[in-house]
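# Structural overview for review
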Amino acid sequence: MADPRFGDAVRLFNAGEWYACHDGFEELWHETQGPCRRVLQGILQIAVAHLHLERGNRRGATVLLGEGLGRLQNAGAEQLGLDLALLRAAARERLLALQQEQDPGGLPLPRLLPPGSDA
């Protein structure tokens, strides 16, 4: 996605600035149509899930991680210039920990990286 707001939102996501990246992705999501809209919504939900985790709302985090993964389920391994397979794997691992009532804090945070990047 060529929009500079997208790059800004990706940088904020990767920095763990969940609230700020949410604002950027939400703005883009409202303006986007087609399959990219669903991918943006999935990314947004994963970001908000981590905001819930920071605030101690494990139930909200669990629900939104699941919904975000569901939105990304049928997307290819790469979309919007991002490695979605890597994002899904990290989010799925953290969701599983939450579902098993474990602390996901020791697990890697999901990141938005270009395909072929080192995690």
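Residues numbered from 1 in each chain as written. Predicted model: local features only at pLDDT ≥ 70, side-chain atom pairs only at ≥ 80, totals over all residues. Heavy atoms only, no water.

## Some points on the state of the cysteines
We count it as follows: When two cysteine sulfur atoms are found within 2.5 Å, that pair is recorded as a disulfide. Relative accessibility under 20% of the residue-type maximum defines a buried residue, over 50% an exposed one, and the middle range a partly exposed one, all with a 1.4 Å probe and only protein chains included.
Tallied over the entire structure, the rule returns zero disulfides. Here cysteine 21 stays free of any disulfide, with the sulfur of cysteine 36 as its closest cysteine sulfur at 18 Å. Judged by relative accessible area, cysteine 21 falls into the buried class, the value being 0%. Judged by relative accessible area, cysteine 36 falls into the partly exposed class, the value being 25%.

## Some remarks on the pattern of salt bridges
For clarity, the cut-off: In the sections that follow, a salt bridge refers to a side-chain nitrogen of Lys or Arg positioned within 4 Å of a carboxyl oxygen of Asp or Glu. Only DSSP runs of H or I covering at least 4 residues are called helices, and only runs of E covering at least 2 are called strands; the numbering of each starts at the N terminus.
One pass over the full model with this rule turns up four salt bridges. Measuring nitrogen to oxygen at the nearest pair gives 2.6 Å for the salt bridge that ties arginine 5 to glutamate 31. Linking arginine 5 in helix H1 (residues 4-14) with glutamate 31 in helix H2 (residues 18-31), this pair joins segments that are 26 residues apart in sequence. For arginine 5, a relative accessible area of 26% translates into the label partly exposed.

## Re the side chain of histidine 22
Stated precisely, the cut-off is as follows: Polar contacts, as used here, are pairs of N or O atoms within 3.5 Å; protein pairs need one atom able to donate a hydrogen and one able to accept it. Residues neighboring in sequence count only if both atoms are side-chain atoms.
Along the chain, histidine 22 turns up in helix H2. For histidine 22, a relative accessible area of 15% gives the class buried. At a separation of 3.2 Å, a polar atom in the side chain of histidine 22 contacts the side chain of aspartate 23.

## Considering helix H3 (residues 35-54)
The criterion, for reference: In a helix, the anticipated span is given by 1.5 Å times the number of residues less one.
With 20 residues, H3 should reach 28 Å at 1.5 Å per residue; the first-to-last C-alpha distance of 30 Å fits that figure. Trailing H3 by a residue or two, glycine 56 shows a phi angle of about 85 degrees, which is positive.

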